[in-house]
Amino acid sequence: MTKRAINDVQSFLTFMETDGNRVYQIVNVELLLRRHPPEAVISFLQELHKDYGKTLSKLIQEDKTNSMINELVAKRFRLKMAINTIRNYEKDMEAA
């Protein structure tokens, strides 16, 4: 993958903490993509997405007012966008 594509994926997996003092990376995808093929990284991100979904379900059942729900929803959305970005890049490379 190109550096620009990796940066696009990483931008979905990086966000500012709610207090605005710290940048948080869900995953360092650049490191993963250097060491593993894109399909393996997608599989890992899908597993993480699924794990967050299980945790989210438990939290919703226990306490619908828990602030962690918002964080997990955001993380799952960001993971899905990163997965889609990698897939789109791979599809574009096959078409070229």
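Above: the structure in question.
So, here's what we can say about the structure.

Quick word on the nonpolar core
Soluble globular proteins tend to pack their nonpolar side chains together in the buried interior.
Here comes step 1: Core analysis: the largest hydrophobic core is formed by 21 residues, its most contacted members being Leu13, Ile26, Leu45 and Leu79.
Here comes step 2: Of all the secondary-structure elements, those providing two or more residues to this core are helix H1 (3-12), helix H2 (29-35), helix H3 (38-62) and helix H4 (68-95).
Here comes step 3: Residues contacting leucine 45, with those up to four places away along its chain left out, are Leu13, Val27, Leu79, Ala82, Ile83 and Ile86.

Some words on the packing of H3 against H4
Here comes step 1: Packing of H3 against H4 brings their axes to within 9 Å, and their N-to-C directions diverge by 160 degrees. In terms of their interaxial angle, H3 and H4 are classed as roughly antiparallel. In this structure, H3 meets H4 at a crossing whose hand is left-handed.

Section: the packing of H1 against H4
Here comes step 1: At a minimum axis distance of 8 Å, the contact between H1 and H4 shows a crossing angle of 165 degrees. The angle between H1 and H4 falls in the class roughly antiparallel. Seen along the crossing, H1 lies across H4 with a hand that is right-handed. In this structure, H1 contributes Ala5, Asp8, Val9, Ser11 and Phe12 to the contact, and H4 contributes Arg78, Met81, Ala82, Thr85, Ile86 and Tyr89.

With respect to the pattern of salt bridges
Here comes step 1: In the structure shown here, the tally under the stated rule is four salt bridges.
Here comes step 2: Close ionic contact of lysine 3 with glutamate 30 constitutes a salt bridge, the shortest N to O distance being 2.8 Å. Taken as a pair, lysine 3 in helix H1 and glutamate 30 in helix H2 lie far apart in primary sequence, 27 residues in all.
Here comes step 3: Residue glutamate 47 pairs with lysine 50 through a salt bridge whose shortest N-O separation is 3.5 Å. Taken together, the positions of glutamate 47 and lysine 50, both in helix H3 and three residues apart, correspond to about one turn of that helix.
Here comes step 4: A cluster of three or more residues bridged by salt bridges with shared partners is formed by Lys3, Glu30 and Arg34.

Cut-offs applied
Residues numbered from 1 in each chain as written. Predicted model: local features only at pLDDT ≥ 70, side-chain atom pairs only at ≥ 80, totals over all residues. Heavy atoms only, no water. Core = buried A, V, L, I, M, F, W, Y, C linked by side-chain atoms within 4.5 Å. Buried < 20%, exposed > 50% of the residue type's maximum accessible area, 1.4 Å probe, protein only. Helix = DSSP H or I, 4+ residues; strand = E, 2+ residues; numbered from the N terminus. Contact = heavy atoms within 4.5 Å. Axes fitted to C-alpha atoms, helices over the stretch in contact; angles between N-to-C directions. Parallel < 35°, antiparallel > 145°, perpendicular 65-115°, else oblique. Left-handed = near helix turned anticlockwise from the far one by under 90°. Salt bridge = Lys/Arg side-chain N within 4 Å of Asp/Glu carboxyl O.

Limitation: the analysis is restricted to geometry and does not speak to function.
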